[in-house]
Amino acid sequence: QVQLMESGGGLVQPGGSLRLSCAASGFTFSRYAMSWYRQAPGKERELVAVILAGGFTTYADSMKGRFTISRDNAKNTVYLQMNSLKSEDTAVYYCKATLARSEHWGQGTQVTVSS
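Residues numbered from 1 in each chain as written. Predicted model: local features only at pLDDT ≥ 70, side-chain atom pairs only at ≥ 80, totals over all residues. Heavy atoms only, no water.

**Observations regarding the overall build of the protein**
Tallying secondary structure elements over the protein gives zero helices and 11 strands in all. Listed by position from the N terminus, the elements making up the protein come as β-β-β-β-β-β-β-β-β-β-β. Along the first, second and third principal axes, the C-alpha atoms of the protein reach 40 × 25 × 25 Å. Across the 115 residues of the protein, 40% fall into the buried class. Surface accessibility of the protein: about 6200 Å² in total, with carbon and sulfur atoms responsible for 47%. Each charge class in the protein can be summarised by its mean position, and for the 12 positive and 8 negative side chains these summaries are 5 Å apart. (Helix = DSSP H or I, 4+ residues; strand = E, 2+ residues; numbered from the N terminus. Buried < 20%, exposed > 50% of the residue type's maximum accessible area, 1.4 Å probe, protein only. Areas by Shrake-Rupley, 256 points an atom, 1.4 Å probe, with all protein chains shown as cover. Lys, Arg positive; Asp, Glu negative; His and termini not counted. Charge placed at Lys NZ, Arg CZ, Asp CG, Glu CD.)

In structure tokens form, the structure reads like this:
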């Protein structure tokens with residue numbers, strides 16, 4: 001059974017940092033592209049960052065320089081390090097696994113940036 005379990009969300013002050021984790025099981029993690037998305041209240045889900053199976057990374061423009069995506073294939077886990085957080089980063093963050101037409105989503109973890 002495919003599972004993606006996000007963790008690491010919470011409440012943080014503006015300018016703070018959080019590291020999100022997404023633990024995967026039930027599929028060959030190392031073959032999949034992994035990505036993080038987020039959805040703020042009243043807004044559409046948007047792409048945050050992608051890391052391909054080979055390690056290439058790409059980011060949405062508003063996250064470049066502040067967020068870092070990484071993966072540990074030995075632990076079947078993808079991470080999102082988020083620094084210099086802003087109130088507009090408040091959202092539910094989801095991880096997604098993609099390989100060709102196969103796609104799996106996690107349940108999401110809430111990140112709230114507020115003083």
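**Focus: the packing of aromatic side chains**
As enumerated under the stated definition, the model contains four aromatic pairs in all. Summarising the aromatic geometry, the rings of Y94 and W105 are spaced 6.4 Å apart at their centres and angled 85° between planes, so their arrangement reads as edge-to-face. Residue Y94 is located in strand 9 (residues 91-99), and its partner W105 is located in strand 10 (residues 102-105); the two are separated by 11 residues in the primary sequence. Relative accessible area serves as the criterion here: at 13%, Y94 is assigned to the buried category. Sitting over the ring of Y94, R45 keeps its end group 3.7 Å from the ring centre. Between R71 and the ring centre of F29, over which it is positioned, the NZ or CZ distance is 4.6 Å. (Phe/Tyr/Trp six-rings, centres within 6.5 Å; stacked < 30°, edge-to-face > 60°. Lys NZ or Arg CZ within 6 Å of the ring centre and 35° of its normal.)

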